[in-house]
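Survey of secondary and tertiary structure
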There are 2 protein chains.
Amino acid sequence: MPIQITKLDSSQADFQSALSALLAFEASADDAIETAVTAILADVKARGDAAVLEYTNRFDRIPYGGATSMAAFDVSQEELQAALAGLPDAQRQALQTAADRVRVFHQRQKQELNGFTYTEADGTVLGQKVTPLDSVGIYVPGGKAAYPSSVLMNAIPAHVAGVGEIIMVVPTPDGVKNQMVLAAAAIAGVTRVITIGGAQAVAALAYGTETITAVDKIVGPGNAYVAAAKRRVFGVVGIDMIAGPSEILVVCDGTTDPDWVAMDLFSQAEHDELAQAILLCPDAAYIARVEASLNKLLPAMPRAATIRTSLTDRGALVKVRDMDEACAIANSIAAEHLEISAENPQQWADKIRHAGAMFLGRFSSESLGDYCCGPNHVLPTSRTARFSSPLGVYDFQKRSSIIHVSEAGAQTLGKVAAELAYGEGLQAHARSAELRLKSAI
Amino acid sequence: MPIQITKLDSSQADFQSALSALLAFEASADDAIETAVTAILADVKARGDAAVLEYTNRFDRIPYGGATSMAAFDVSQEELQAALAGLPDAQRQALQTAADRVRVFHQRQKQELNGFTYTEADGTVLGQKVTPLDSVGIYVPGGKAAYPSSVLMNAIPAHVAGVGEIIMVVPTPDGVKNQMVLAAAAIAGVTRVITIGGAQAVAALAYGTETITAVDKIVGPGNAYVAAAKRRVFGVVGIDMIAGPSEILVVCDGTTDPDWVAMDLFSQAEHDELAQAILLCPDAAYIARVEASLNKLLPAMPRAATIRTSLTDRGALVKVRDMDEACAIANSIAAEHLEISAENPQQWADKIRHAGAMFLGRFSSESLGDYCCGPNHVLPTSRTARFSSPLGVYDFQKRSSIIHVSEAGAQTLGKVAAELAYGEGLQAHARSAELRLKSAI
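Per chain, residue numbering runs from 1 following the sequence as it is written. By the order in which they are written, chains take letters starting at A while ligands take numbers starting at 1. Per-residue local features of the predicted model are confined to residues with pLDDT of at least 70, and side-chain atom pairs are confined, for both listing and counting, to 80 or more; whole-chain, interface and lining totals are unaffected and use all residues. Heavy atoms from the whole structure form the basis of all side-chain values; hydrogens and water molecules are not counted.

All right, on to the UniProt feature "active site" (unreviewed entry) in chain A then. Residues and elements named next belong to chain A. UniProt positions are given in the numbering used here, feature names are shortened, and annotations may be inferred rather than shown by experiment. Feature annotation in UniProt assigns "active site" (unreviewed entry) to the following positions: E336 and H337. Residue position: E336 is located in the loop between α13 (323–333) and β13 (337–341). In contact with E336, other than residues within four places in its own chain, are P245, S246, E247, G356, A357, H377, L379, P380 and T381. Elements are defined by DSSP. Helices are runs of H or I of four residues or more, strands are runs of E of two residues or more, and each kind is numbered from the N terminus. With respect to the secondary-structure elements, H337 resides in strand β13. Between buried and exposed lies partly exposed: a residue is buried under 20% and exposed over 50% of the maximum accessible area for its type, with that area taken using a 1.4 Å probe on protein chains only. On the basis of relative accessible area, H337 is assigned to the buried category, the value being 3%. In this description, contact between two residues means that some pair of their heavy atoms is separated by no more than 4.5 Å.

Written out as structure tokens, the structure is:
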């Protein structure tokens with residue numbers, strides 16, 4: 001049966017509303033999850049390790065009657081190194097290459113943010129100091145969604161930033177450890193690995209327990225319980241964005257092999273039934289060829305069922321007037337992944353203001369970026385690229401302002417501050433400035 | 001009656017727990033506010049201008065029976081310029097000086113973030129593009145807490161970043177406009193001023209209405225309704241941090257005029273009964289002199305009652321062993337405002353990892369920074385300086401990754417990506433990379 005994918009044309013009268021309906025996604029708030037998470041957070045905050053131990057034994061079905069102490073969940077550096085050494089050569093080398101490339105890109109990010117100071121004529125010094133966070137927690141999902149590439153993408157920017165303590169938590173359902181995930185931790189600069197997960201792991205990282213020191217920020221993807229827990233501890237610690245379903249938008253001028261574009265759409269759709277894959281193209285005949293490729297290639301895909309549902313429910317093939325219009329629509333969609341699969345892609349990239357990552361030219365498949373180009377694969381979803389950025393070194397650094405006013409500076413600035421402070425009715429502010437005047441008022 | 005301020009000594013056995021208790025602050029969640037805000041957001045989303053008009057007329061007690069259309073709430077650029085021209089000369093000049101200095105500092109921030117690209121040996125180009133947000137909303141409180149300095153501090157970084165549309169909303173209870181706030185808008189680069197406020201203004205900015213285009217991010221302080229509304233629209237739009245009570249931590253070596261330090265503590269305490277002012281000093285005799293100054297200076301303060309409550313409930317004078325210990329405690333407090341009022345302050349500043357803003361030397365009173373030094377006065381509160389930064393140009397910019405893989409690059413990267421994708425069970429990812437190989441597999 002052919003894939004029933006939505007087809008739109010930008011010249012149709014109801015195009016804007018049809019596109020909006022396609023893009024609309026509202027994460028459903030699940031009261032049962034919220035209630036469960038609230039209880040787990042409070043319990044871990046109150047009882048510490050004892051609570052984490054109980055929840056982990058129960059939820060992760062730890063075998064042999066469960067662990068008897070938190071020490072059982074610590075993975076030694078030796079075990080991490082052994083996991084790395086134990087991988088097939090090709091896999092180990094691929095992981096190492098990916099890690100090296102991700103590190104190089106993120107070192108460029110770090111170079112960009114150095115802080116600054118400048119000195120004014122009267123000797124007043126102003127500036128901005130950049131410091132790494134002291135400690136972060138990296139959440140890594142366990143079980144079927146255990147992705148070593150996520151370990152690299154979350155931990156390496158923290159390591160490059162200079163974060164001293166990088167604690168990775170990863171649940172091990174039924175006590176089974178994913179060797180590739182442990183190997184990734186070994187090469188990403190993770191300082192401690194603990195095999196716990198769920199809301200209880202988030203609580204342990206945020207509040208600290210007898211055996212786990214509270215961190216300053218928690219990043220990394222997780223299920224609905226983890227997402228709810230991260231939202232709730234935000235403020236106590238920093239968190240990264242709560243990601244929505246993954247998306248790809250392919251803008252194609254009709255010059256790329258349609259099989260390539262079809263497979264790129266599949267690579268997003270295979271993630272999840274809620275994932276979204278959309279093609280914008282000015283060439284109706286080409287769109288028909290991509291659709292033929294989709295139907296031709298689908299049967300060979302191990303995840304065909306997921307791909308079909310994703311493309312049927314949330315995918316679209318969109319005929320646009322021209323590439324300029326495609327770029328304008330791409331800006332309104334502000335996609336997580338934007339492929340500009342075209343001749344001279346830079347001319348179109350220059351018109352793009354909003355996208356998590358731009359993949360330019362027909363050789364830049366999203367999958368290359370997902371694993372090993374170097375830029376991060378943690379990207380803003382659900383149109384949040386309008387106001388947010390890929391995960392980066394900057395997420396593991398923060399700035400402090402530096403203000404060192406000279407005695408001379410206090411004379412001129414003091415009068416300005418006092419004038420404005422009186423205007424706002426804040427007399428102590430005004431007096432505090434005036435006391436520093438030589439002719440103290 | 002002398003101020004009953006808490007006195008602590010770092011050598012006392014229960015110092016850590018006493019300090020933690022002092023710092024503890026949990027914003028109470030108010031169910032009535034949450035319920036009201038949820039209803040207002042939904043109503044504005046559904047009914048647009050009509051709902052905003054009704055809520056504004058009611059909550060802000062707009063006179064003469066209320067406004068009959070949204071147009072009544074728009075403030076023309078002419079009216080903004082007239083407000084600026086109408087200020088007393090000294091006030092107008094002070095505002096202009098402050099704005100100029102804030103702009104200069106934030107232009108330095110902008111220079112720091114330019115994005116980058118680099119080209120690899122095989123022609124693959126990687127990089128990061130920095131773009132301003134398209135549009136932002138600036139929330140400015142009305143009534144007694146109407147601060148023109150906040151207009152400058154929120155709008156100028158957006159303007160420097162290159163944001164095209166800067167919409168300021170400010171409620172005008174009883175229809176009364178604050179001329180200094182309008183004047184600040186005139187010089188800060190605000191493109192539109194609308195005299196609406198509360199959750200209804202946040203909803204209008206986030207969802208858009210017939211007369212207000214939805215923005216990409218909302219920043220600026222507000223009351224509990226505004227904070228609750230911002231939390232709820234987060235994700236639809238970006239928001240800045242939800243600020244807790246303001247704090248000052250003064251680290252003093254005992255060489256500053258105690259009146260100056262006392263007034264600096266007042267300048268924080270006068271904001272709010274929940275504001276927190278703490279002194280750390282190794283010199284017990286000096287601490288006693290500061291306490292004497294507090295009691296001497298309090299009666300002349302117009303906001304004496306607020307100051308007294310703040311210092312009694314949340315303030316502290318803390319005797320420490322030495323300045324090194326003071327710096328260590330300052331790092332654990334991670335204060336919004338940190339004054340290092342000491343000889344050679346830089347030696348201590350070098351030891352500080354966590355603070356919103358550092359004020360170095362005895363002439364750098366916090367009040368100078370609040371108004372006119374140049375750095376932003378919107379700073380992370382409640383220990384969040386461990387992981388977050390002052391409001392800055394970077395809050396109005398975002399990054400997009402650039403990935404332009406050459407044909408040669410696709411050959412090497414494709415094999416790495418495919419290896420890892422198969423390892424993660426994502427076959428379409430692997431195939432998408434492999435299709436680009438010359439010897440297509």
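Looking now at the side chain of D370 of chain B. By the secondary structure assignment, D370 of chain B is in helix α15 (residues 366–371). The buried charged residue D370 of chain B lacks any salt bridge, with R436 of chain A as its nearest oppositely charged partner at 11 Å. Polar contacts here mean pairs of N or O atoms no more than 3.5 Å apart (in protein, one a potential hydrogen donor and the other a potential acceptor; neighbouring residues in sequence count only if both atoms are side-chain atoms). Polar side-chain contacts of D370 of chain B include one of 3.1 Å to the side chain of H429 of chain A. Setting aside its immediate chain neighbours within four residues, D370 of chain B contacts H429 of chain A together with S149, M153, H337 and H377 of chain B. The charged-residue count follows a simple rule in which Lys and Arg add positive charge and Asp and Glu add negative charge, with His and chain termini not counted at all. Whenever Lys or Arg places a side-chain nitrogen within 4 Å of a carboxyl oxygen from Asp or Glu, that contact is recorded as a salt bridge.

With that settled, consider the domain arrangement of chain A. A common way to report how large an interface is uses the accessible area buried once the components associate. Residue and element names in this part refer to chain A. For the domain bounds, the source is a domain assignment made automatically or taken from a database. When the domains of chain A are assigned, the result is domain 1 (6–27 + 244–373), domain 2 (31–115 + 131–239) and domain 3 (405–434). With centres defined by C-alpha atoms, the gap from domain 1 to domain 2 works out at 32 Å. Each side of the interface is counted separately: domain 1 has 7 residues, and domain 2 has 5 residues. Both faces combined, the contact of domain 1 with domain 2 buries some 470 Å², and carbon together with sulfur accounts for 48% of it. By convention, the term buried area covers the 1.4 Å-probe accessible surface removed from two parts as they join, with the contributions of both added.

To continue, consider helix α6 (residues 148–161) of chain B. Residue and element names in this part refer to chain B. Over its 14 residues, α6 runs 20 Å from end to end, which matches the ideal 20 Å to within 8%, given 1.5 Å per residue. Given a residue, its bend is the angle between the two axes fitted to the seven residues that end at it and to the seven that start from it. The sharpest bend along α6 reaches about 25 degrees and sits at A155, with the proline P157 one to four residues further on. Counting buried positions along α6 gives 13 out of 14 residues, so the element sits mostly inside the fold. At the exit of α6 stands G162, carrying a positive phi of roughly 100 degrees. By definition here, a helix of n residues has an expected span of 1.5 Å times n minus one.

What follows is about the interface of chain A and chain B. Contacts between the two partners involve 116 residues from chain A and, on the opposite side, 116 residues from chain B. Taken together, the two surfaces of chain A and chain B that pack against each other cover about 10,300 Å², and 59% of this comes from carbon and sulfur. At the boundary of chain A with chain B, the tally comes to 8 salt bridges. Close ionic contact of D216 of chain A with R386 of chain B constitutes a salt bridge, the shortest N to O distance being 2.8 Å. Taken together, the links from chain A to chain B amount to 72 residue pairs in polar contact (both at pLDDT 80 or more). At 12 residues, the largest contribution of residues to the side of chain A that touches chain B is made by helix α5 (residues 89–112) of chain A. The sheet contact formed by strand β14 (residues 357–360) of chain A and strand β15 (residues 397–404) of chain B spans 3 bridges and is parallel. In the sheet register, M358 of chain A faces β15 of chain B, and the bridge partner there is I402 of chain B. Two strands qualify as a pair provided DSSP detects at least 2 bridges between them.

This brings us to the packing of helix α2 (residues 31–47) of chain A against helix α3 (residues 49–59) of chain A. Geometry of a packed helix pair, given as the angle between the helix axes and the separation of the axes. All names here are of chain A. Here an angle of 0 to 180 degrees is reported between the N-to-C directions of two axes, which are lines fitted to C-alpha atoms, with helices fitted over the stretch in contact. With their axes 6 Å apart at the nearest point, α2 and α3 run at an angle of 135 degrees to one another. The orientation of α2 relative to α3 falls into the category oblique. Residues A39, I40, D43, V44 and R47 of α2 form the contact with α3, whose own contacting residues are D49, A50, A51, V52, E54, Y55 and F59. Residues that form the contact of α2 with α3 fall into these classes: 8 nonpolar, no polar and 4 charged. If an angle is under 35 degrees, it is roughly parallel; if it is over 145, roughly antiparallel; if it lies from 65 to 115, roughly perpendicular; otherwise it is oblique. Note that Gly is not counted as nonpolar here; it falls among the polar residues with everything else outside the nonpolar set of Ala, Val, Leu, Ile, Met, Phe, Trp, Tyr, Cys and Pro and the charged set of Asp, Glu, Lys and Arg.

All names here are of chain A. Within helix α4 (residues 77–86) the residues assigned to the buried category are L80, A83 and L84. On an axial view of α4, the arc spanned by its buried residues comes to 100 degrees, and they lie on one face. In α4, the exposed positions that point more than 90 degrees away from the buried face belong to E78, A85 and G86. The inward-facing, buried residues of α4 contact β2 (74–75), α5, α7 (179–188) and β7 (192–194). Here the arc refers to the set of directions running from the helix axis out to each C-beta atom.

This part covers the UniProt feature "binding site: NAD(+)" (unreviewed entry) in chain A. Residues and elements named next belong to chain A. Feature annotation in UniProt places "binding site: NAD(+)" (unreviewed entry) on Y139, Q200 and N223, given in this structure's numbering. A stretch of 85 residues holds the annotated residues, and the largest C-alpha distance among them is 12.7 Å, short enough that they meet in one place. Examined against the element boundaries, Y139 turns out to sit in strand β5 (residues 135–139). Ignoring anything within four residues of it in the chain, the contact list for Y139 reads V169, P171, G197, G198, A201, V202, V219, G220, P221, G222 and V226. Secondary-structure assignment places N223 in the loop between β8 (217–219) and α9 (224–233). Within the local environment of N223, its side chain forms a polar contact with the backbone nitrogen of Y225, the two atoms lying 3.0 Å apart.

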